[in-house]
Amino acid sequence: MKNISQFRSYFPEIETLYNNKPLVYLDTAASALKPKTIIEAANDFSLKKYSNISRGISHLSANATELYEESRQKVLKFVTGQTGENKLLITSGATASLNMAASYYYNKLSFQDEILLSLAEHHSNILPWIELSKKTGAKIKWIDVNDNGEIELPFVAEKITSKTRVVSLTHISNITGSITPVKDIARLVHKVGADFVLDAAQSVGHIGVDFLDIDCDMAAFSAHKVYGPTGLGFLYCKNEIIENFPNFFVGGGTVDDIVLPPAIFSDSDLSINSKNKDKSDCRSYDFKLIYKSDLARLEAGTPPISQLITFGLVIDLLNNIGLKNIEIHEKYLTESLLDLQKIDGIEILGPKKINNRIGVVSFVSQNIHPHDLGQFLDDLGIVCRVGHNCAIPIHKRFAVSSSTRFSLGLYNNKNDVEQAINGVKEAQKFFLLG
Ligand code: PLP
């Protein structure tokens, strides 16, 4: 097994001081720190080899296109174990991907249909489906979680019916760190002929993920939570989904031809003739759009080129470290972090034991409001996240309005965890005595 601690120095932000104290970064679930060597290598592309892709015949454009597509394949292999065409759409982030996933159903659902979500979902996996429900009349049904916030197979079985058309669930909760039994759920969902959409924003980069093995129909995740750049995300889709995706986000790069109505061109003049205004007015059915037959049909406009090339290098680094090693390291630290529950007045929201969970640990204090606690910890150089963290339903399920969250990345060490636990203990003393 690789010693993960050697990779801590790849992340220079961890060496910065705040209030003369070393940074303890425990906010990876919001966004991960970035590895310096990768950013530098990627800068080389931006400064010396940059060009738009796909639309030029220049050597620069050809080279950038090759690097870009190579990176797409690296990412695809990272999450499916395979390379291939027409499976991984590039988006601006998990939120965009989930909106896109919901848009697939705009012309496919009606008021008789049902969409299943769980109470453990991030708002980015709730709101797009509620908007879909408003547009189509389809009903949203909520899958409950147990008292530890876990989605259990029987809870899904209880809600699924022949009317279910799509079930969209988080792979790992951004509040409880609990891992959903997605493979069993996918089987159940497919039994009734519905689709299974996976929100993998918190799983990719932390546990081994294989969308083919899970057998999900679509899966969404962001690069910035996996040590990569912001403004880049992915929507993995099965081939039949890609083929049936409506043309909802269109523009440059998506068509091979536009057949214009003959009326646009007057008899003798090839320009739009202002005297022949009537002739130049067209309805949509007068046009014939010949869309591309591959993924390009769904990726309008200039994509996040340097971001994807950078992320390809991040994937190389993660492969070099080994995801299994990352998983073991984070599990080891999570076990220590769960000692938070030994502090008087602290309650963990989520599984209390290490099984079926990762290092996203949210908790509430009987005595301190999360915002006060977050401020206190920040003064100690401990960066965490407080509030409802874009997951109001699960907070309501736990009968609290907000929480404090520590979340781990591959750069964290035992000292970070000890600092965090001591910080909470100090806060308890300060606020109780204060
Ligand atoms: N889904 C989950 C489970 C998340 O934790 C997040 C972000 O925290 C998202 C979706 C949205 O990701 P992004 O903000 O990168 O679009």
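Counting from 1, residues in each chain are numbered in the order their sequence is written. This being a predicted model, a pLDDT of at least 70 is required before a residue's local features are given, and a value of 80 or more before pairs of side-chain atoms are given or counted; all residues contribute to the totals for chains, interfaces and linings.

Engineer: Go over unusual backbone geometry with me, naming the residues and quoting the values.
Structural biologist: The phi angle at Asn-20 is positive, at roughly 65 degrees, despite the residue not being glycine. Locating Asn-20 in the fold gives a position in the loop between strand E1 (17–18) and strand E2 (21–22). For Ala-399, which is not glycine, the phi dihedral falls at a positive 60 degrees. Counting other C-beta atoms within 10 Å of its own, a residue is labelled buried from 20 upward, exposed at 12 or fewer, and partly exposed in the gap between, with every C-beta atom placed from the backbone. The exposed category is assigned to Ala-399, around which 7 C-beta atoms lie within 10 Å. In DSSP terms, a helix is any run of H or I states spanning at least four residues, a strand is any run of E spanning at least two, and both are numbered starting from the N terminus.

Engineer: So what's going on with the site of the ligand? Residues and values would help.
Structural biologist: The C-beta atom of each residue is placed using the backbone, and any residue whose C-beta lies within 6 Å of a molecule or strand is treated as near it. Around the ligand lies a shell formed by Gly-93, Ala-94, Thr-95, His-122, Ser-124, Asn-125, Thr-170, Asn-174, Asp-199, Ala-201, Gln-202 and Ser-222. Looking at the shell around the ligand, its residues break down into two nonpolar, nine polar and one charged. Residue polarity is assigned by list, with Asp, Glu, Lys and Arg as charged and Ala, Val, Leu, Ile, Met, Phe, Trp, Tyr, Cys and Pro as nonpolar; anything else, Gly included, falls into the polar class.

Engineer: Describe the sheet that holds strand E8 (residues 195–199), with residues and values.
Structural biologist: Strand pairing is defined by DSSP finding a minimum of two bridges between the two strands. Read from one edge to the other, the open sheet built from seven strands follows the order E4-E10-E9-E8-E7-E5-E6, with strand pairing classed as mixed. Each having just a single partner strand, strand E4 (88–91) and strand E6 (139–143) make up the two edges of the open sheet. With strand direction ignored, the average angle separating the axes of adjacent strands in the sheet is 20 degrees. Bridge count between strand E5 (residues 114–118) and strand E7 (residues 164–170): four bridges; the pairing is parallel. Bridging across to E7, Leu-116 finds its partner in Val-167. Here, residues touch in the contact sense if the C-beta positions derived from the backbone fall within 7 Å of one another. Axis angles are defined between N-to-C directions and span 0 to 180 degrees, where every axis is a line fitted to C-alpha atoms and, for a helix, only to the segment in contact. Here helix H6 (residues 182–191) sits on the sheet and contacts E7 and E8; the angle it forms with E8, its principal contact strand, is near 155 degrees.

Engineer: I'd like to hear about the environment of Ile-172, residue by residue, with values.
Structural biologist: Its place among the elements puts Ile-172 in the loop between E7 and H6. The class of Ile-172 is buried, set by 26 C-beta atoms lying within 10 Å. When the C-alpha positions of Ile-172 and Arg-187 are compared, they lie 18 Å apart, and in sequence the two are 15 residues distant. Once residues lying within four places of it in the same chain are set aside, the contact partners of Ile-172 are Gly-177, Ser-178, Ile-179, Gln-202, Ser-203 and Ile-358.

Engineer: Before we move on, could you go through the pairing of strand E11 (residues 255–259) and cite the residues and values that matter?
Structural biologist: As a general feature of sheets, a regular strand has side chains that alternate between the two faces. For E11, the tally of buried residues reaches only zero of five residues, placing the bulk of the element at the surface. Across four bridges, E11 lies against strand E12 (residues 288–291) in antiparallel orientation. Looking at the pairing, Val-255 lines up with Tyr-291 of E12.

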